[in-house]
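# Coordinate inspection notes
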Amino acid sequence: MDDLVATSAGRVRGIARSPEVLAFLGIPYAAPPFGADRFRAPRPAAGWAGVRDARSFGPVAPQSARLPGMPTWSPGDEDVLTVNVWTRRPAADRPPSPVLCWLHGGAFTFGSAAQPDFDGTTLASAGLVVVTCNYRLGFEGFGRLAGFPDDRGLLDQLAALHWVRDEIAAFGGDPDQVTLAGQSAGATSAACLLGLPEVRGLFRRVIAHSPVGVRFTRDAADDVAERIAAVAGLPSVTRLSEASPQTLVAASDAVSAACRADPAEGRRYYDSVLYGPVPADGGADALLAASPEEQLRTGLASDVDLLVCRTADEHWLLHAVDGVPSVVDEAGFADFVAAMGIPEEIVLGLRRRRPAASIVESYLDVFGEFVVGRPAARLIEEHVGAGGRAWSARFARRLGPGGPVPAWHNADLPFAFGNLDVPGAHFLIGGPPGEADRALSRRMTASWVGFATDGDPGWPAVPAAVGPSPTRIWQTPHDSLDRRADDGAVRRDTVRPNDTAG
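Attention in this report is confined to the structure presented alongside it. (Residues numbered from 1 in each chain as written. Predicted model: local features only at pLDDT ≥ 70, side-chain atom pairs only at ≥ 80, totals over all residues. Heavy atoms only, no water.)

Moving on, we get to the packing of helix H10 (residues 330–340) against helix H12 (residues 359–385). For the pair H10 and H12, interaxial distance at closest approach is 10 Å and the crossing angle is 10 degrees. It follows from the interaxial angle that H10 and H12 lie roughly parallel. Here Glu330, Phe333, Phe336 and Met340 of H10 come into contact with H12, specifically with Ile359, Ser362, Tyr363, Val366, Phe367, Phe370 and Val371. Broken down by class, the residue content of the contact of H10 with H12 amounts to 9 nonpolar, 1 polar and 1 charged. (Axes fitted to C-alpha atoms, helices over the stretch in contact; angles between N-to-C directions. Helix = DSSP H or I, 4+ residues; strand = E, 2+ residues; numbered from the N terminus. Parallel < 35°, antiparallel > 145°, perpendicular 65-115°, else oblique. Contact = heavy atoms within 4.5 Å. Nonpolar A, V, L, I, M, F, W, Y, C, P; charged D, E, K, R; others polar.)

Next up, the structure:
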């Protein structure tokens, strides 16, 4: 294999990313999801004659986000269901390499596989074949529309996994050694896919960084659709299929902004994410029959290894970018807890651990624990309880003694990918990296490679003897949430049950 690879759809020409690594970008894994195929399950991509140029990323899914280093979406950009592959140049005596298939985050509304922090060059140099994929977002991917399948974004991801199974050998990858990985919405997607019968044999391991809980019901998704239709000026939700992608993006932005401006919205005032996977609530007409935790409880995925990582200060990022409303006093904190339906034990537990915390600190700690910590712990708990193997990690690196940049949502990704100097990374990690940061990145990259290669990230698995408990939260024995100066390490010890922290 050189910079020209033959896939079943046609030949592609890649680009050198380093003396050792080639990248093949913007390869279609499914047909463009527009025209007659809009809002439907993905169809196979059409083949092509000659050689397809795979030296630049494909279009992103329709969205309004403008992220550093990422292409923007424009009307007419239809070939959005593409994958990107990073792989080493061939060697005669090299066996097929383990594969890491990455699902980006972005609240199911924005983001792209083309983001610079997801560049796979470092991981490919370390021995993996890295695949990243775009999938439909926002209403296009997760809006509920009568007569069309729910969770179209998940169906796209499933199609990308089938592409990996069928095509990755041509790029030097081993289709029997695939690890599905993702962060935030991507981690939640991976958790949803993990429990599906349709994915059996498509991957052997899952890495979930900061998975958020699946919280949408069909009724809630229908309510969002009605609001989108109203803002878009449509007479009914049945006409949403006629609206242009840019109309749906603009309407979604307007509905989300309205929720953030009105405390009477309750939970949506604090958490204005409009889209996400929608379990079928017992119905038989949807891809996702139940929440990821409920699906894992069946034991269907017990043969798949699971690594879950969260950051110590998840929601501090959203506060820094004005993504959540301010809470400055006890009355406001009480309103937040009530609106979100947060169990009292989370609040009492975190306040007991940090009695000197300010209102803002308590608010953000509780927010992160409820939205990320508890769901992450439940995934581990249910998987281990059903006979699976799971590992837990916590990213706790902070710039300086206790700050100024916390170990917040997304901060772990530049370290795990080995991309500390790409556009946007310095904001996430608090400035230019030092040698200690580069050493930490090397350790995290090695953990990913080890896990994807043989299921061993370098520390013990969660002990199965504890058994399942739907209310138990996992904590590493040496970690805490008190924001003391950290030693810059990933907490990666055998976890133990604890009733207050994840």
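Having seen the structure, we can now continue with the description.
With that out of the way, let us pick up helix H6 (residues 245–261). Taking 1.5 Å as the rise per residue, H6 with 17 residues should run 24 Å; its terminal C-alpha atoms sit 25 Å apart, in good agreement. Burial in H6 covers these residues: Pro245, Leu248, Val249, Ala251, Ser252, Val255, Ser256 and Cys259. What you see down the axis of H6 is that its buried residues fit within an arc of 165 degrees, all on one side. (Expected span 1.5 Å × (residues − 1). Buried < 20%, exposed > 50% of the residue type's maximum accessible area, 1.4 Å probe, protein only. Arc of directions from axis to C-beta.)

Inspection of the entire model under this criterion finds 29 salt bridges. Its salt-bridge partner being Asp223, residue Arg227 comes within 3.1 Å of it at the nearest N-O pair. Of this pair, Arg227 and Asp223 both sit in helix H5 (residues 218–231), 4 residues apart, which is roughly one turn of that helix. Close ionic contact of Arg378 with Glu382 constitutes a salt bridge, the shortest N to O distance being 3.5 Å. Of this pair, Arg378 and Glu382 both sit in helix H12, 4 residues apart, which is roughly one turn of that helix. One salt-bridge network, in which partners are shared between bridges, spans Arg144, Asp150, Arg218 and Asp222. (Salt bridge = Lys/Arg side-chain N within 4 Å of Asp/Glu carboxyl O.)

Moving on to the pairing of strand S6 (residues 82–88). In terms of burial, S6 is largely enclosed, as 7 of its 7 residues are buried. Taking every second residue as pointing to the same face, both faces of S6 are buried, with Thr82, Asn84, Trp86 and Arg88 on one and Val83, Val85 and Thr87 on the other. With 6 bridges joining them, strand S4 (residues 21–28) and S6 adopt antiparallel strand pairing. Counted as the bridge partner of Phe24 is Val85 from S6. In this sheet, strand S8 (residues 129–133) lies alongside S6 in antiparallel orientation, the contact comprising 4 bridges. Counted as the bridge partner of Val83 is Cys133 from S8. (Pairing = 2+ DSSP bridges.)

Next up on the list: the packing of aromatic side chains. The geometry of an aromatic ring pair comes down to the distance between the two centres and the angle between the two planes. This structure, assessed with the given rule, holds 21 aromatic pairs. For the pair Trp391 and Phe451, a centre-to-centre distance of 5.5 Å together with 75 degrees between the ring planes defines the contact as edge-to-face. Pair noted here: Trp391 is in strand S12 (residues 390–395) and Phe451 is in helix H15 (residues 435–454), with a separation of 60 residues, a long-range link. For the residue pair Trp391 and Phe451, the accessibility class agrees, reading buried in each case. Positioned above the aromatic ring of Trp48 is the side chain of Arg52, whose terminal nitrogen or guanidinium carbon lies 5.2 Å from the ring centre. (Phe/Tyr/Trp six-rings, centres within 6.5 Å; stacked < 30°, edge-to-face > 60°. Lys NZ or Arg CZ within 6 Å of the ring centre and 35° of its normal.)

Let us now look at the packing of H5 against H6. Relative to each other, H5 and H6 sit at 110 degrees, their axes nearing to 9 Å. Regarding the angle of H5 to H6, the classification is roughly perpendicular. Of the two possible hands of crossing, H5 and H6 adopt the one that is right-handed. Of the residues in H6, those in contact with Arg227, Ile228 and Val231 of H5 are Leu248, Ala251, Ser252, Ala254, Val255 and Cys259. (Left-handed = near helix turned anticlockwise from the far one by under 90°.)

Moving on: the nonpolar core. One finds Tyr29 and Phe203 to be the most contacted residues of the largest nonpolar core, which totals 76 residues. Of all the elements, helix H3 (residues 152–167) adds the most residues to this core, at 8 residues. Residues within four places of Tyr29 in sequence aside, it is in contact with Ala45, Leu81, Thr82, Val83, Cys133, Asn134, Tyr135, Asp156, Ala159, Ala160 and Trp163. Residues Ala124, Val366, Ala393 and Phe451 belong to the second largest nonpolar core, which totals 61 residues. (Core = buried A, V, L, I, M, F, W, Y, C linked by side-chain atoms within 4.5 Å.)

Ordered in space as S1-S2-S5, the 3 strands form an open sheet in which the pairing is mixed. The sheet is open, and its two borders are formed by strand S1 (4–7) and strand S5 (51–53), each paired with just one other strand. This sheet shows a mean twist of 35 degrees between the axes of neighbouring strands, independent of strand direction. Taken together, the 3 bridges between strand S2 (residues 10–13) and S5 define a ladder with parallel strand orientation. Residue pairing across strands places Val12 opposite Arg52, the latter belonging to S5.

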